[in-house]
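Chain and residue survey
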Amino acid sequence: MEIQWYPGHMTKAKRQMQEDLKLIDLIIELLDARVPAASRNPDISALGRGKSRLFILNKADLADERVTEEWEERFREDGVPVMTVDSRNRADLRSLRPYINEACKERIERNIRRGFKNRPIRAMVAGIPNVGKSTFINTVAGRASTKTGNRPGVTKGKQWIHLGKGLDLLDTPGILWPKFEDPSVGTALALIGSISQDVLNRDELAVALIGFLVSQYPGTLEEHYGAEEGRTAAGLLASIAKARGCLTKGGELDDSKAADLLLDDFRNGRLGRISLERPGASMIGGGR
């Protein structure tokens, strides 16, 4: 399944990010806990070379806990501080500052030696579209500082949020990279809602998800839709359409409505906690 999406505004956003890197001490990169590798933008890694880094595995409440623990261990082995959160839950973010201090330890110590004890840490919050950056900032700030929405492209320009207590955050638009070399990356990002729905064949996407669920989370479709596994993915999509009354005006089964329903259920966690990739394992729709 070949999916590519790189609208023109992302080129401008990438250039702006490159300029803004001169102003910041730390890059806080939000990753989707369901697809930590696929949601890690290689352009951000390249642009931020030499800057302190902190990974936030966001939407952890939707991901498989055991798999998330594997990812935490992997990133720590790579030497990057990592924090697992549901950014809508303020309690999850109360311990954010110690992670920031860990990531910026050398800079903080250098500022103290130079006599800049109260110099704030300036952090850029970056990530792909719809990974939850604005929600993360609003929860940390305890107020609605930025616009949010459950679709890609809500944040259009940079926004500084001055939090006090020695921390300033820069919100940035979500950006992807120009080409997904591995088709499975595009599939994974489409499934979590980081790619515009306008460029997707949602029926094909739902079939890909069904195949993954049957393989990695057997019994999920039967539990939630009464769809008995052991048939083709297309056949299971038809079973979901029948179970949920997804019909055309002429009374025929409507696979497209069933596909939208299935994708929405997955994205909102109604199918349970599901991860689409794990360290060292192939992703949905192909290898890596």
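Read on for a plain summary of the structure. Residue indices follow the written sequence of each chain, beginning from 1 at its first position. In keeping with the model being predicted, local features are shown solely for residues with a pLDDT of at least 70 and side-chain atom pairs are shown and tallied solely at 80 or more, while totals for entire chains, interfaces and linings include all residues. The side-chain figures draw on all heavy atoms in the structure; neither hydrogens nor water molecules are used.

1. Side note on the overall build of the protein chain
Along the protein chain, the regular secondary structure elements total 11 helices and six strands. Taking 2.2 N^0.38 as the reference for a compact globule, 288 residues should give roughly 19 Å; the C-alpha atoms of the protein chain span a radius of gyration of 20 Å, in line with that estimate. Once the C-alpha set of the protein chain is aligned to its principal axes, its extents read approximately 75 × 35 × 35 Å. The buried label applies to any residue whose accessible area, calculated with a 1.4 Å probe on protein chains only, is under 20% of its type's maximum; exposed applies above 50%, and partly exposed to all values in between. Every one of the 288 residues in the protein chain was classed for burial, and the buried ones make up 49%. Here a residue-residue contact requires only that any non-hydrogen atoms of the pair lie within 4.5 Å. Within the protein chain, residue pairs in contact and separated by at least 24 positions form 68% of the contacts whose partners lie at least 6 positions apart. Computed by Shrake-Rupley with a 1.4 Å probe, the accessible areas treat only the displayed protein chains as cover when residues are assessed. Surface summary for the protein chain: the accessible area is close to 13700 Å², and the carbon and sulfur share equals 45%. For the purposes of this entry, the term helix denotes a DSSP run of H or I that reaches at least four residues, the term strand denotes a run of E that reaches at least two, and both are numbered from the N terminus. Each radius of gyration reported is based on C-alpha atoms, and the globular scaling rule is 2.2 Å times the count of residues to the power 0.38.

2. Focus on the nonpolar core
Definition used in this section: a nonpolar core is a set of buried Ala, Val, Leu, Ile, Met, Phe, Trp, Tyr and Cys residues joined via side-chain atoms within 4.5 Å. Counting residues in hydrophobic clusters, the biggest one holds 75 residues, and the most contacted among them are Ile28, Leu189 and Leu276. The element contributing the most residues to this core is helix α8 (residues 202-216), with six residues. With residues near it in sequence (within four places) discarded, isoleucine 28 still touches Leu54, Ile56, Ile100, Ala123, Met124, Val125, Ala126, Phe136 and Leu169. If you look at the next biggest cluster of nonpolar residues, it comprises 12 residues, including Ala37, Phe55, Ala63 and Val67.

3. Looking at the side chain of aspartate 168
Looking at where aspartate 168 falls in the secondary structure, it is placed in strand β6 (residues 167-171). If sequence neighbours within four positions are ignored, aspartate 168 has contacts with Pro120, Ile121, Arg122, Ala123, Trp160, Ile161, His162 and Leu163.

4. Structural notes on the sheet that holds strand β5 (residues 159-164)
Adjacent strands of a sheet pair through backbone hydrogen bonds, lying either parallel or antiparallel. Following DSSP output, two strands are said to pair if at least two bridges run between them. Strand order in the open sheet made by the six strands is β3-β2-β1-β4-β6-β5, with mixed pairing throughout. Of all strands in the sheet, those with a lone pairing partner are β3 (82-84) and β5, marking the two edges. Averaged over all neighbouring strand pairs, the angle between strand axes comes to 25°, with direction disregarded. One ladder, built from three bridges, connects strand β2 (residues 52-58) with β3; its direction is parallel. Across the sheet, the residue bridging to leucine 57 is threonine 84, located in β3. Lying on the sheet, helix α4 (residues 96-103) is in contact with β1 (26-32), β2, β3, β4 (121-126) and β6; it crosses β2 at an angle near 145°. Where helices are involved, their axes are fitted lines through C-alpha atoms of the stretch in contact, as for all axes, and angles between N-to-C directions lie from 0 to 180°.

5. A closer look at the packing of α8 against helix α10 (residues 233-243)
Across the interface, α8 lies against α10 with an axial gap of 9 Å and an inter-helix angle of 105°. In terms of axis orientation, α8 runs roughly perpendicular to α10. Each of Asp203, Ala206, Val207, Ile210, Gly211 and Val214 in α8 lies in contact with α10, whose residues at this interface are Ala233, Leu236, Leu237 and Ile240. Amino acid classes used here: Ala, Val, Leu, Ile, Met, Phe, Trp, Tyr, Cys and Pro are nonpolar; Asp, Glu, Lys and Arg are charged; the rest, including Gly, are polar. When grouped by side-chain class, the residues that make up the contact of α8 with α10 number eight nonpolar, one polar and one charged. For this classification, under 35 degrees means roughly parallel, over 145 means roughly antiparallel, 65 to 115 means roughly perpendicular, and everything else is oblique.

6. Quick notes on the environment of leucine 176
Relative to the assigned elements, leucine 176 resides in the loop between β6 and α7 (183-191). Taking the C-alpha atoms as reference points, leucine 176 and lysine 51, separated by 125 residues in sequence, lie 20 Å from one another. Not counting residues within four places of it along the chain, the set of residues in contact with leucine 176 comprises Trp5, Tyr6, Met10, Asn41, Asp43, Ile128, Pro129, Leu189, Ser194 and Ile195.

7. Focus on the packing of aromatic side chains
Each aromatic ring pair is described using two quantities: the centre-to-centre distance and the angle formed by the ring planes. Stacked, tilted and edge-to-face are the three classes applied to pairs of Phe, Tyr and Trp rings, where Trp contributes its six-membered ring and a pair requires centres within 6.5 Å; stacked means planes under 30 degrees apart, edge-to-face means over 60, and tilted covers the rest. Considering all chains together, one arrives at four aromatic pairs under this definition. Relative to phenylalanine 180, the ring of tryptophan 177 has its centre 5.1 Å away and its plane inclined at 80°; by these criteria the two rings are edge-to-face. Using a relative accessible area of 11% as the deciding quantity, one classes tryptophan 177 as buried. Residue class for phenylalanine 180 comes out buried when judged on its relative accessible area of 2%. Whether a charge sits over a ring depends on NZ of Lys or CZ of Arg being within 6 Å of the ring centre and within 35 degrees of the ring normal. Over the face of the ring belonging to tryptophan 160 we find arginine 122, whose NZ or CZ atom lies 4.1 Å from the ring centre.

8. Brief notes about the pattern of salt bridges
A pairing counts as a salt bridge when a side-chain nitrogen of Lys or Arg comes within 4 Å of a carboxyl oxygen of Asp or Glu. Counting across every chain of the model gives 15 salt bridges. Linking arginine 202 and aspartate 260 is a salt bridge whose minimum nitrogen-to-oxygen distance equals 2.6 Å. In this pair, arginine 202 sits in helix α8 while aspartate 260 sits in helix α11 (residues 255-267), placing the two residues 58 residues apart along the sequence. Linked through salt bridges whose partners overlap, the residues forming this network are Arg244, Asp264, Asp265 and Arg270.

9. With respect to the pairing of β5
Relative to β6, β5 runs antiparallel, the two sharing five bridges. Bridging from a neighbouring strand, histidine 162 pairs with aspartate 168 of β6. In textbook terms, the turn of a hairpin is the stretch between consecutive antiparallel strands, and for β5 and β6 this stretch comprises two residues, one of which, lysine 165, has a positive phi near 55°.

10. A closer look at the packing of α8 against α11
Taken N-terminus to C-terminus, the directions of α8 and α11 make an angle of 55°; their axes are 9 Å apart at the nearest point. Between α8 and α11, the angle is such that the two are oblique. Seen along the crossing, α8 lies across α11 with a hand that is left-handed. Across the interface between the two elements, Arg202, Asp203, Leu205, Ala206, Leu209 and Ile210 of α8 pack against Asp255, Ser256, Ala259, Asp260, Leu262, Leu263, Phe266 and Arg267 of α11. Residue classes in the contact of α8 with α11 are distributed as eight nonpolar, one polar and five charged. If you view the pair so one helix is near and one far, a crossing is left-handed when the near helix is turned anticlockwise from the far one by less than a right angle, and right-handed when it is turned clockwise.

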